[in-house]
Amino acid sequence: MKISDAIFGIILIVFSVLVLIYSRTLPSLPGYAYGSGFFPSLTAIFILGGGILLLVRGVRAKQPLLVLGAWTKSPKLISNICLIPLNLVFYILVSDKLGFILTTFLMMTATIWWLRKKVASTIIVAAVSAVITYAFFAKLMLVPLPAGIFGI
């Protein structure tokens, strides 16, 4: 898939303008010539310049705005890519009720099974990965994760 530089240029221009507008609302620091919005504004100006350059380059190239790759004709490959946002939506919707471990286990089981179609190894890998991920984030990094129905 090829997306024109003009599209990315427009996205960067809009983003930088929004950052510039928001950075004006940040408080100023007493006794300093610049406030907390200085560096975001400075960064946004550079992003704006890059966006303008991309937009000009994309318009000069006279390319189509979007060229789909051969993989976009395969329903299997498209569904593989859709697994990621579907997992995110699933996690957002059910993680508070089911908890991190169970939600992660279900997500990984569905994803690995979809990609490999091997039930036994899928369940083992998903269970071990969910527990290790929980232990790393909750116990080692002290990240508060949803407890859910198990209260873990």
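Keep in mind that this is a model prediction, so the values were computed, not measured. (Residues numbered from 1 in each chain as written. Predicted model: local features only at pLDDT ≥ 70, side-chain atom pairs only at ≥ 80, totals over all residues. Heavy atoms only, no water.)

### Some remarks on the pattern of salt bridges
Side-chain pairing between opposite charges can occur once the charged atoms of the two side chains come close. Scanning all chains against the criterion turns up 1 salt bridge. Salt-bridge contacts for Arg 57 lead to Asp 5; the nearest nitrogen and oxygen are separated by 2.7 Å. Within this pair, whereas Arg 57 is found in helix H2 (residues 38-61), its partner Asp 5 is found in helix H1 (residues 5-23), the two being separated by 52 residues in sequence. Of the residues examined, Asp 5 reaches a relative accessible area of 15% and is grouped as buried. (Salt bridge = Lys/Arg side-chain N within 4 Å of Asp/Glu carboxyl O. Helix = DSSP H or I, 4+ residues; strand = E, 2+ residues; numbered from the N terminus. Buried < 20%, exposed > 50% of the residue type's maximum accessible area, 1.4 Å probe, protein only.)

### Here's the deal with unusual backbone geometry
Unusually for a residue other than glycine, Lys 62 sits at a positive phi of about 50 degrees. For Lys 62, the location among the structural elements is in the loop between H2 and strand S2 (66-67). Look at Lys 62 and you get exposed, because its relative accessible area is 75%.

### Remarks on the packing of H1 against H2
The interhelical angle for the contact between H1 and H2, taken along N-to-C directions, is 160 degrees, at an axis separation of 7 Å. By the angle class used here, H1 and H2 are roughly antiparallel. With respect to the hand of their crossing, H1 and H2 are arranged in left-handed fashion. By residue class, the composition of the contact of H1 with H2 is 18 nonpolar, 6 polar and 2 charged. (Axes fitted to C-alpha atoms, helices over the stretch in contact; angles between N-to-C directions. Parallel < 35°, antiparallel > 145°, perpendicular 65-115°, else oblique. Left-handed = near helix turned anticlockwise from the far one by under 90°. Nonpolar A, V, L, I, M, F, W, Y, C, P; charged D, E, K, R; others polar.)

### Quick notes on the domain arrangement of the protein
As assigned here, the protein comprises domain 1 (2-67) and domain 2 (71-140). In this structure, domain 1 and domain 2 have C-alpha centres spaced 35 Å apart. (Domains from an automatic or database assignment.)

### Observations concerning the packing of aromatic side chains
Counted under the stated rule, the structure contains 4 aromatic pairs. Taking 5.0 Å as the distance between ring centres and 75 degrees as the angle between the ring planes, the aromatic pair formed by Phe 38 and Phe 39 counts as edge-to-face. Ring geometry for Phe 136 against Phe 137: centres 5.0 Å apart, planes inclined by 85 degrees, an arrangement best described as edge-to-face. The class for Phe 136 is partly exposed, based on a relative accessible area of 38%. Residue class for Phe 137 comes out partly exposed when judged on its relative accessible area of 35%. Three or more aromatic residues link up through ring pairs in this structure, and these residues are Tyr 91, Phe 100 and Tyr 134. Of note, Lys 76 hangs over the ring of Trp 114, and the distance from its end group to the ring centre comes to 4.4 Å. The lysine or arginine in question, Lys 117, covers the ring of Trp 113, its NZ or CZ lying 4.2 Å from the ring centre. (Phe/Tyr/Trp six-rings, centres within 6.5 Å; stacked < 30°, edge-to-face > 60°. Lys NZ or Arg CZ within 6 Å of the ring centre and 35° of its normal.)

### Overview of H1
Helix length check: H1, at 19 residues, gives a terminal C-alpha distance of 26 Å against a target of 27 Å (1.5 Å per residue), a fit within 8%. Among all positions in H1, only Asp 5, Ala 6, Gly 9, Ile 13, Ser 16 and Ser 23 are buried. Along the axis of H1, the buried residues cluster in a sector spanning 120 degrees; they form a single face. Relative to its buried face, H1 has exposed residues pointing more than 90 degrees away, namely Leu 18, Ile 21 and Tyr 22. Here the buried face of H1 lies against strand S1 (2-3) and H2. Structurally, the start of H1 carries an N-cap: the backbone nitrogen of Ala 6 is 3.1 Å from a side-chain oxygen of Ser 4. (Expected span 1.5 Å × (residues − 1). Arc of directions from axis to C-beta. Contact = heavy atoms within 4.5 Å. Polar contact = N/O pair within 3.5 Å; in protein donor to acceptor, adjacent residues only side chain to side chain.)

### With respect to a nonpolar patch on the surface
Together, Met 1, Leu 65, Leu 66, Leu 68, Trp 71, Leu 77, Ile 78 and Ile 81 make up a nonpolar patch on the protein surface, roughly 730 Å² of accessible area in all. If you tally residues by element for the nonpolar patch, the top one is helix H3 (residues 75-98), at 3 residues. Within the element layout of this structure, Ile 78 appears in helix H3. (Patch = residues over 30% accessible without salt bridge, like charges linked within 9 Å, V, L, I, M, F, W, Y side chains within 5 Å. Areas by Shrake-Rupley, 256 points an atom, 1.4 Å probe, with all protein chains shown as cover.)

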